[in-house]
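Residue-level structural notes
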Amino acid sequence: MTTGSQTPLETQMLEVSVGPQHPSTHGVFRMNVVLDGENIVKLKPVMGYLHRNHEQLAENMSYLGSMPFTDRLDYICGMTNNFAYALAVEKLAGIEVPEKAQYIRVLMAELTRLVNHTLLVGFLLNDLGAFFTPVLYAFREREKILDLFEAVAGSRMMVNYFRFGGVKADLPEGFLGKVKEILRNYPKFLDEFERLLSENEILRSRCQNVGILTKELAVSSSITGPMLRASGVNYDIRKVDRYSIYDRFDFRVPLGSVGDVYDRYYIRILEMRESLKILEQLIKQYPEKGDIISAKGAQAAKTPRMWKPAAGDAYARIEGPKGELGFYVVSDGTPKPYRYHVRPPSFINLTILEDMCLGHKVADAIVILGSVDIVLGEVDR
Amino acid sequence: MKAEDIKNDLTAAIPGIQVTVEGEALIVAPENLLAAAGFLKENEKYRLDYLSCLTGVDYLAKGHLESVNHLYSVEKKTGPVVVKVRVPRNNPKMPSLVPFYRGAEFQERESFDLFGIVYEGHPDLRRILLWDEFEGHPMRKDYVQEDQDQP
């Protein structure tokens, strides 16, 4: 019998295709993974399964015509998609927004942030193996906010609520009372959620020091939103651009220190608490009287197929719940946009997925992908 | 930051650079793009370390494709600086920005996929949204769809 030889045993790399029909890919997304044992040595994201050329559709219709289509980009956050598109066209055509409409917009945007972050945390736990219990709690809370969206826009997710120069409809009676109720109950829910999760031993050991993203790589890879801030970069477009009326509210920008999955989870909890702070101030300042749409905007809403902005181009961006959501619109003076481009945060945040996953196990890749927060409607457009 | 001032700084720093100002945007010649990007990213005055949005536009009547870049500075919290690069439609080649901005990787692949702009020096220039066998570039203005009514 021979003792162990000096040459190592011959092994083979294993190629695994995770997705597109996999519950943890959050839609139809595929990762081509090469494994050495259980360690990832290569990972290539494959996307486009949901591609419908949203941009070309928008270039073949009136400016207002694509407002409902923006809801379907990131279908969790219809309101903020509307918001960014409205800002871009307002910048292009020089449309003012009345004060009351500004308040309604920020109110909707922050409620959307609550919806998005709550769901993300729930689904992240799903990816960790806590099957559907945290998500059910998250859905329970989201339901209450979606009820409000339904009351104001007539639809729970596909809201189509914003118009150039304002919003579609005034808040119904008793709306702010309902928001106050949510503000009263949400901190309790977050405390409960945190008691369950933040100190949880299993969650910590699965998330801490997994998928670390450094500051430098995050900035040069155009990562935005909670993911960038979890890596410790202080960049919140609400603070930097001060678009709409965000300069009237006092809120902090929470930052992470390590840049791992746990920081990305925790930053979302902290951001929800900041959003609650913004909403509280907003309700105190809310003007009961005033227009909800400016005269120029009303003109565009009344005759959408005749309305044409002057030739030129404009780029507007907002701090969406997932990161920087931007719209680039070029007008050639006709009623249809000559060029319409979406800068989708979840698509660009996937750029460094491979870098974060290298050296980790397959199960970690699932969690890392979950912490990026993608919606395939927006990735594939 | 005025586009005119940036143009002056660029011409002072990079001899022989071709750059013009159009509205708020800088139009940079493709052969000077890398030098200009390097300057804007590294220079202490600008530090434009964040490429926010990169996209193509097809100007069919003018005969060129345009790549539009919106640059911001995370460090200084300034921006945007709009840098546009124009290439002829029949030979759309320009240098890739990936060496300076990793965030250009997927966005350039998308622009290549939908507009057919070839970014030279890109580490992995493949189609990203459409499948590899797809023919043509559907965001071009002269693209004919299969089910389109013919005149």
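Worth saying up front: this structure is predicted, and the values here are computed from it rather than measured. (Residues numbered from 1 in each chain as written. Chains lettered and ligands numbered in written order. Predicted model: local features only at pLDDT ≥ 70, side-chain atom pairs only at ≥ 80, totals over all residues. Heavy atoms only, no water.)

**Quick notes on the confidence of the model for chain B**
Put simply, the test is: In predicted models, pLDDT denotes the confidence assigned by the predictor to each residue on a 0 to 100 scale.
Averaged over every residue, the pLDDT of chain B is 88; the share at 70 or more is 99%. Predicted complex metrics record ipTM = 0.91 and pTM = 0.90.

**Overview of helix 1 (residues 3-13) of chain B**
Residues and elements named next belong to chain B. Rules: Whether a residue is buried, partly exposed or exposed follows from its accessible area with a 1.4 Å probe, protein chains only, as a fraction of its type maximum: under 20%, in between, or over 50%, in that order. The helix and strand labels rest on DSSP assignments: H or I over at least four residues marks a helix, E over at least two residues marks a strand, and numbering proceeds from the N terminus. As used here, the arc belongs to the directions running from the helix axis to the C-beta atoms. Note on contacts: a residue pair is in contact if any heavy atoms of the two residues lie within 4.5 Å.
All of the buried residues in helix 1 are Ala3, Ile6 and Leu10. One side of helix 1 holds all its buried residues, which, seen down the axis, span an arc of 60°. On the buried face of helix 1, the contacting elements are strand 1 (19-22), strand 2 (25-28), helix 2 (33-42) and strand 5 (78-88).

**Examining unusual backbone geometry**
Residues and elements named next belong to chain A. Although it is not a glycine, Asn160 sits at a positive phi angle of roughly 45°. For Arg242, which is not a glycine, the phi torsion comes out positive at approximately 50°. Judged by relative accessible area, Arg242 falls into the partly exposed class, the value being 40%.

**Regarding the pairing of strand 8 (residues 312-320) of chain A**
All names here are of chain A. Note the cut-off: Here, strands pair whenever DSSP counts at least two bridges between them.
A large share of strand 8 lies buried, amounting to seven of its nine residues. The sheet contact formed by strand 8 and strand 9 (residues 323-331) spans nine bridges and is antiparallel. In the sheet register, Ala316 faces strand 9, and the bridge partner there is Phe327. As consecutive antiparallel partners, strand 8 and strand 9 are separated by two residues.

**Brief notes about the interface of chain A and chain B**
Short version of the rule: Two parts lose some accessible area (1.4 Å probe) when they are put together, and adding that loss for both gives the buried area. Just to be clear on terms, a salt bridge is a Lys or Arg side-chain nitrogen sitting within 4 Å of an Asp or Glu carboxyl oxygen. Polar contacts, as used here, are pairs of N or O atoms within 3.5 Å; protein pairs need one atom able to donate a hydrogen and one able to accept it. Residues neighboring in sequence count only if both atoms are side-chain atoms. Gly is put with the polar residues, along with every residue not named as nonpolar or charged; the nonpolar set is Ala, Val, Leu, Ile, Met, Phe, Trp, Tyr, Cys and Pro, and the charged set is Asp, Glu, Lys and Arg.
Contact residues are listed per partner, giving 38 residues for chain A and 39 residues for chain B. Where chain A abuts chain B, roughly 3200 Å² becomes buried across the two surfaces, and 56% of that area is made up of carbon and sulfur atoms. Applying the counting rule to chain A against chain B returns four salt bridges. Residue B:Arg102 pairs with A:Asp355 through a salt bridge whose shortest N-O separation is 3.0 Å. If you look at where chain A meets chain B, you find 21 residue pairs in polar contact (both at pLDDT 80 or more). Looking at the side of chain A that touches chain B, the elements that each hand over two or more residues are strand 5 (39-46), helix 1 (54-59), helix 8 (215-220), strand 8, strand 9, strand 10 (339-343), helix 13 (345-348) and helix 16 (376-380) of chain A. Across the side of chain A that touches chain B, the residue classes break down as 16 nonpolar, 11 polar and 11 charged.

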